[in-house]
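What follows is the residue order along each chain.
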Amino acid sequence: MLFPTSLVGSYPQPDWLIDREKLAGRFPPRVRALELWRVAPDYLAQAQDDATIIAIRDQERAGLDIITDGEMRRESYSNRFATALDGVDLDNPGVALDRSGHPNPVPRVTGNIRRRHAVEVRDVQFLRANTDRRIKITVPGPFTMSCQAQNDFYASEREMALDYAAAVNAEIRDLFAAGADVVQIDEPYMQARPEKAREYGLEAVNAALDGISGETALHICFGYAAIIHERPAGYNFLPELAGSTVNGVSIETAQSNLDTSILTSLAGKTIILGVIDLSDPAVETAETVAARIRRALPHVDPAKVIIAPDCGMKYLPRETAFGKMQAMVAGAAIVRAELGG
């Protein structure tokens, strides 16, 4: 089928699960932020499971083809995995500049980064047990995690990123073994730190994917619309991903009104095409979504396009997110019919 639909990763968490006002009033946490959860620790895992069921059913009701867990168990896309690794001093965090230029508490690396155990395997198992559709799980990328850490141990950031890559590689292997159909690496800092990305970012991503045979994707974006309001004219780092071993690249085009001709540089890759503007509280019409899909078609192979929002839907009201998913599915159906797919 042409133009299957999916989330990038996250879906709005219920207000009864997490303090969404506090979550929206700060930068995405890089260290643990347990104070955000509204549920007592003894019942938190059960509550997160229940919220995951809600996210799955909303995606199914909206008609999505590839289902995620909505990242219901996470305070941010990266901190749950990044703080589960050896080599990090959780009691004495460091500081690094966020992509907005503001300082943010981050993991402080004081030893060799190593994965001590699987972090998201149960997430995949739970997702697989609760939907019969294809499933995708996301993990933070090694380059982004190296940018979101204070290095007090390694001789170079490259060396640190490669150890993060080894941890991600081990996790990805376990996620496929647990039943994932697609594993996505989130690498927004390749856009935010393009010089460093050119220096060692691709090397780290390829190391994270070394020997992986399942379907993989990489998400690169301009940041959450709720936090980063201004969009540049185009990506600082995108054609370079043609040199990665990842199967698909997830990009945003809606809010940024991206010149989609840049997608010709990624020939051969699956394009996860962001067509939902997360900065606009209004739900798009199906025709608006269809027009955004059509903009990309001169530059991509339609058979290698997946339709998605620009970025994670974490910060949207749930009713808005659900409406936007429905519009996305309807818009994809319009263009699919036009192409006879």
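Shown above is the structure to which this text applies.
Below, the structure is looked at part by part. From a predicted model like this one, the values you see are computed outputs, not experimental measurements.

### Things to note about the pairing of strand β8 (residues 248–252)
- Among the 5 residues that make up β8, 5 are buried, leaving the element largely enclosed by the rest of the structure.
- The alternating pattern of β8 places G248, S250 and E252 on one face and V249 and I251 on the opposite face, and all of these are buried.
- As paired elements, strand β7 (residues 215–219) and β8 share 3 bridges and run parallel to each other. Along β8, the bridge assignment pairs L218 with V249.
- Relative to strand β9 (residues 270–274), β8 is paired through 5 bridges, and the arrangement is parallel. Paired with V249 across the bridge in β9 is I271.

### Some thoughts on the packing of aromatic side chains
- Summed over the entire model, instances satisfying the criterion amount to 4 aromatic pairs.
- Note on F153 and Y154: the rings are 5.0 Å apart at their centroids and 90° apart in plane angle, and the pair reads as edge-to-face.
- Across from the ring centre of F126, 5.2 Å away, lies the NZ or CZ of R73, which sits over that ring.

### Considering the sheet that holds strand β2 (residues 85–97)
- Strand order in the open sheet formed by 3 strands is β2-β3-β5, and the pairing between neighbours is mixed. Two strands bound the open sheet, and with one partner strand each, they are β2 and β5 (150–151).
- Relative to strand β3 (residues 103–115), helix α6 (residues 157–177) is tilted by about 75°, and along the sheet it contacts β2, β3 and β5.

### Notes on the sheet that holds strand β1 (residues 66–67)
- The strand order across the open sheet formed by 7 strands is β1-β4-β6-β7-β8-β9-β10, and the pairing between neighbours is parallel. In the strand order of this sheet, the two ends are held by β1 and β10 (305–308), each with one partner.
- Where β9 meets β10, 4 bridges bridge the pair, whose relative direction is parallel. Paired with I272 across the strands is I306, a residue of β10.
- Across the sheet, α6 lies against β4 (134–140), β6 (182–186) and β7, angled at about 165° from β4, the strand it touches most.

### Brief notes about empty space enclosed by the protein
- Applying the stated criterion across every chain yields a total of 4 cavities of 30 Å³ or more.
- What the largest cavity holds in volume is close to 240 Å³.
- What lines the largest cavity is a set of 24 residues, and nearest its centre among them are Y77, P188, C221, Y224 and C311.
- Counted by class, the lining of the largest cavity contains 11 nonpolar, 8 polar and 5 charged residues.
- Taken together, S6, I66, R134, K136, V182, E215, T216, A217, G248, T270, I272 and I306 make up the lining of the second largest cavity.

### Considering the nonpolar core
- Core analysis: the largest hydrophobic core is formed by 103 residues, its most contacted members being I220 and I251.
- Ranked by residues supplied to this core, first place goes to α6 with 9 residues.
- Excluding residues that lie within four positions of it along the chain, I251 makes contacts with I220, Y235, L238, L258, L263, I271, I272, L273, G274 and D310.

### Topic: helix α2 (residues 41–62)
- The terminal C-alpha atoms of α2, which comprises 22 residues, lie 32 Å apart, in line with the 32 Å expected from a rise of 1.5 Å per residue.
- Restricting attention to buried positions, one finds in α2 the residues L44, A47, Q48, D49, A51, T52, A55, I56, D58, Q59, E60 and A62.
- Trailing α2 by a residue or two, G63 shows a phi angle of about 100°, which is positive.

Rules and cut-offs
- Residues numbered from 1 in each chain as written.
- Predicted model: local features only at pLDDT ≥ 70, side-chain atom pairs only at ≥ 80, totals over all residues.
- Heavy atoms only, no water.
- Buried < 20%, exposed > 50% of the residue type's maximum accessible area, 1.4 Å probe, protein only.
- Helix = DSSP H or I, 4+ residues; strand = E, 2+ residues; numbered from the N terminus.
- Pairing = 2+ DSSP bridges.
- Phe/Tyr/Trp six-rings, centres within 6.5 Å; stacked < 30°, edge-to-face > 60°.
- Lys NZ or Arg CZ within 6 Å of the ring centre and 35° of its normal.
- Contact = heavy atoms within 4.5 Å.
- Axes fitted to C-alpha atoms, helices over the stretch in contact; angles between N-to-C directions.
- 1 Å grid on protein atoms, 1.4 Å probe; cavity = no way out; pocket = protein on both sides within 12 Å on 5 of 7 lines; lining within 4 Å.
- Points joined across faces, edges and corners; volume = space filled by probe spheres on them.
- Nonpolar A, V, L, I, M, F, W, Y, C, P; charged D, E, K, R; others polar.
- Core = buried A, V, L, I, M, F, W, Y, C linked by side-chain atoms within 4.5 Å.
- Expected span 1.5 Å × (residues − 1).

Don't take any of this as a statement about function, it's just geometry.
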